[in-house]
Amino acid sequence: MALDRAQAVVLGALAQGQPLTTQELSTRTGLAPTTARAAATFLAHDGWASGTDGVPTYWRITDRGRRLAATRPYREYRTTDV
């Protein structure tokens, strides 16, 4: 299943490598915080990302997500090379 635009831009932001909070994802992607959180939650559910249990939640890309971010449909959403 293909990612929607919000999921793709969140994946691209996470592909930079450092863990990001929902607010940081929102700021970096221009998405509303609720949209960024929903996209990150979707990515985590499918194994492309993971989130911490603490407050705030820190989201990070998984190895599987890094491989996905490097594929043709999603390369354009990365802000830096992984």
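Residues numbered from 1 in each chain as written. Predicted model: local features only at pLDDT ≥ 70, side-chain atom pairs only at ≥ 80, totals over all residues. Heavy atoms only, no water.

Q: Where do I start with the overall build of the protein chain in this structure?
A: On a plain count of helices and strands, the protein chain comes out with five helices and three strands. Going from N to C terminus, the protein chain has its helices and strands arranged as α-β-α-α-β-β-α-α. Taken over the C-alpha trace, the protein chain has a radius of gyration of 11 Å; the compact-globule value for 82 residues is 12 Å, and the two agree within 12%. Dimensions of the protein chain, computed from the C-alpha atoms along their principal axes, are close to 35 × 25 × 25 Å. Accessible surface, the protein chain as shown: approximately 4,700 Å² in total, 51% of it carbon and sulfur. Within the protein chain, one finds 10 positive and 7 negative side-chain charges whose respective centroids are separated by 4 Å. (Helix = DSSP H or I, 4+ residues; strand = E, 2+ residues; numbered from the N terminus. Rg over C-alpha atoms; globule rule 2.2 N^0.38 Å. Areas by Shrake-Rupley, 256 points an atom, 1.4 Å probe, with all protein chains shown as cover. Lys, Arg positive; Asp, Glu negative; His and termini not counted. Charge placed at Lys NZ, Arg CZ, Asp CG, Glu CD.)

Q: Teacher, can you tell me more about the side chain of glutamine 7 here?
A: When you line up the elements, glutamine 7 lands in helix 1 (residues 5-14). Residue contacts for glutamine 7: discarding those within four places in its chain leaves Ala39, Phe42 and Leu43. (Contact = heavy atoms within 4.5 Å.)

Q: Where do I start with the nonpolar core in this structure?
A: What tends to happen in soluble globular proteins is that the nonpolar side chains get buried as a cluster. Of all hydrophobic cores here, the largest spans 23 residues; its most connected members are Leu3, Val10, Leu11, Leu14, Leu25 and Leu43. Residue assignment for this core shows that the elements contributing at least two residues are helix 1, helix 3 (33-45), strand 3 (58-61) and helix 4 (63-69). What leucine 14 contacts, discounting residues up to four positions off in sequence, is Leu20, Leu25, Ala49, Trp59, Arg60 and Ile61. (Core = buried A, V, L, I, M, F, W, Y, C linked by side-chain atoms within 4.5 Å. Buried < 20%, exposed > 50% of the residue type's maximum accessible area, 1.4 Å probe, protein only.)

Q: How do you make sense of the sheet that holds strand 1 (residues 20-21) when you look at a structure like this?
A: An order of 1-3-2 is seen for the three strands of this open sheet, with the pairing classed as antiparallel. Every other strand in the sheet has two partners, leaving strand 1 and strand 2 (49-51) as the edge strands with one partner each. Here strand 2 pairs with strand 3 via three bridges, running antiparallel. Opposite serine 50, over in strand 3, you have arginine 60 as the bridge partner. (Pairing = 2+ DSSP bridges.)

Q: Honestly, helix 1 in this entry has me stumped. Any pointers?
A: Of all ten residues making up helix 1, nine are buried, and the element is well covered by its neighbours. When we look at burial in helix 1, the residues that qualify are Ala6, Gln7, Ala8, Val9, Val10, Leu11, Gly12, Ala13 and Leu14.

Q: What is the right way to look at helix 2 (residues 22-29) in this model?
A: Every α-helical turn comprises 3.6 residues, leaving residues that sit three or four positions apart pointing alike. Residues of helix 2 that are buried include every one of Thr22, Leu25, Ser26 and Thr29, and no others. Buried residues of helix 2, seen end-on, are gathered within an arc of 100° and therefore sit on one face of the element. Against the buried residues of helix 2 lie helix 1, strand 1, helix 3 and strand 3. One or two residues past the end of helix 2 sits glycine 30, with phi positive at roughly 80°. (Arc of directions from axis to C-beta.)

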